[in-house]
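Residue-level listing of the chains:
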Amino acid sequence: MGTSGNVSGKVFLIGAGPGAPDLLTIRAARIIAAADILFYDALVNPEIVALATRAEKVPVGKRHARYSTAQTFINKRLVDAAQRHATVVRLKGGDPLMFARAQEELDALAAAGIEVEIVSGITAALAAGAALGVSLTQRGVSRNVTFVTPRVGKDEAVSDWATSVLAADTAVIYMGAGEAQSIADTLIRRGLPADRPVALVENASLPDEARHLARLDKLGALANRLGSGPAIIVLGEVLRGLGNTSAQTLPDVPGDVWRQA
Ligand code: SAH
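Criteria and thresholds
- Residues numbered from 1 in each chain as written.
- Predicted model: local features only at pLDDT ≥ 70, side-chain atom pairs only at ≥ 80, totals over all residues.
- Heavy atoms only, no water.
- Pairing = 2+ DSSP bridges.
- Helix = DSSP H or I, 4+ residues; strand = E, 2+ residues; numbered from the N terminus.
- Axes fitted to C-alpha atoms, helices over the stretch in contact; angles between N-to-C directions.
- Contact = heavy atoms within 4.5 Å.
- Core = buried A, V, L, I, M, F, W, Y, C linked by side-chain atoms within 4.5 Å.
- Buried < 20%, exposed > 50% of the residue type's maximum accessible area, 1.4 Å probe, protein only.
- Near = heavy atom within 4 Å.
- Polar contact = N/O pair within 3.5 Å; in protein donor to acceptor, adjacent residues only side chain to side chain.
- Areas by Shrake-Rupley, 256 points an atom, 1.4 Å probe, with all protein chains shown as cover.
- Nonpolar A, V, L, I, M, F, W, Y, C, P; charged D, E, K, R; others polar.

Draft legend 1. Layout of the sheet that holds strand S10 (residues 231-236). Pairing is mixed in the open sheet, where five strands are placed in the order S6-S7-S10-S8-S9. At either margin of the open sheet sits one strand with a lone partner, and together these are strand S6 (145-148) and strand S9 (210-215). Strand after strand, the sheet turns through a mean of 20° between neighbouring axes, direction not considered. The pairing of strand S8 (residues 197-202) with S9 spans six bridges and is classified as antiparallel. Across the sheet, the residue bridging to Leu 200 is His 212, located in S9. The sheet contacts of helix H5 (residues 124-132) involve S6, strand S7 (170-173), S8, S9 and S10, and relative to S10 the element is tilted by about 70°.

Here you go:
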């Protein structure tokens, strides 16, 4: 502990992984168990939060903006916590550096002179690939994977997310399931083939994981099958071999081909 009375603690920015508690890294589990205070997002599994046995636990949920805490307030609370506690944990779903507003927290902590350590977690895109049982890169088929979101913040400029998806061999689209139909429409209008295979994976790595596969032009209808869990879109020819019959034929009606099989 510092002797100046402030800025004595360290903040650990930790990825909780996609959901399954045993996909947490051993390093993350060790630091969480030692935490004095823990700030966690809505998507973090309660079983992982419960590993922080000695910590004061503070939800700063970010789902659907309900119960959400303003980012500037979170930044300030992290700085305050580091001035009072030795081990501060900021726990985010997946990996903290992917679509998780980590830079704002890193900048605020750096400005306050607070030491930070980042602990990687498994990001949803990779858990979705595992759920689908398919390699996101494939020799001769896909030599790149794009992680992208169409979501932009309130005061941000519009994002040209579609150009990245058009250029990608495999695209993984975060925070897009709620606007699946308009995503598909945009991509087809911009030139993607209507029969490009697409998958929706909901609750990847969790017991209620669901995988749905269709052609791109059926993505909107496919999204109607989703429940209320987090869902991610995977798009690309790497998916074409999936399905229960011919490796070349995807069902042209929406369907969970695994459940049908
Ligand atoms: N930092 C996180 C992403 C946060 S953005 C990460 O690295 O995974 C939140 C989005 O991630 C959700 O809208 C959804 O698209 C995706 N997501 C998170 N967990 C998921 C899961 N278990 N299954 C499917 N998608 C998930």
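From this point, the narrative continues.
Draft legend 2. A look at the nonpolar core. Counting residues in each nonpolar core, the largest one holds 24 residues, and the members touching the most others are Val 165, Leu 187, Leu 200, Leu 219 and Leu 235. Listed by contribution, the elements that provide at least two residues to this core are helix H6 (161-167), S7, helix H7 (180-189), S8, helix H8 (219-223) and S10. Per element, the largest residue contribution to this core is four residues, and it comes from H7. When sequence neighbours within four positions are dropped, the list of residues in contact with Leu 187 reads Trp 161, Ala 162, Val 165, Leu 166, Leu 192, Leu 216 and Leu 235.

Draft legend 3. Quick look at the site of the ligand. Residues in contact with the ligand amount to 18 residues; listed here are only the nearest, Asp 95, Met 98, Thr 123, Ala 204 and Ala 231. For the ligand, an oxygen atom lies 2.9 Å from a polar atom in the backbone of Ala 124. The backbone of Ala 204 places a nitrogen or oxygen atom 2.9 Å from a nitrogen atom of the ligand. Starting from 550 Å² of accessible surface for the ligand in isolation, the protein chains cover 90%. Tallied by class, residues from the shell around the ligand come to 13 nonpolar, four polar and one charged.

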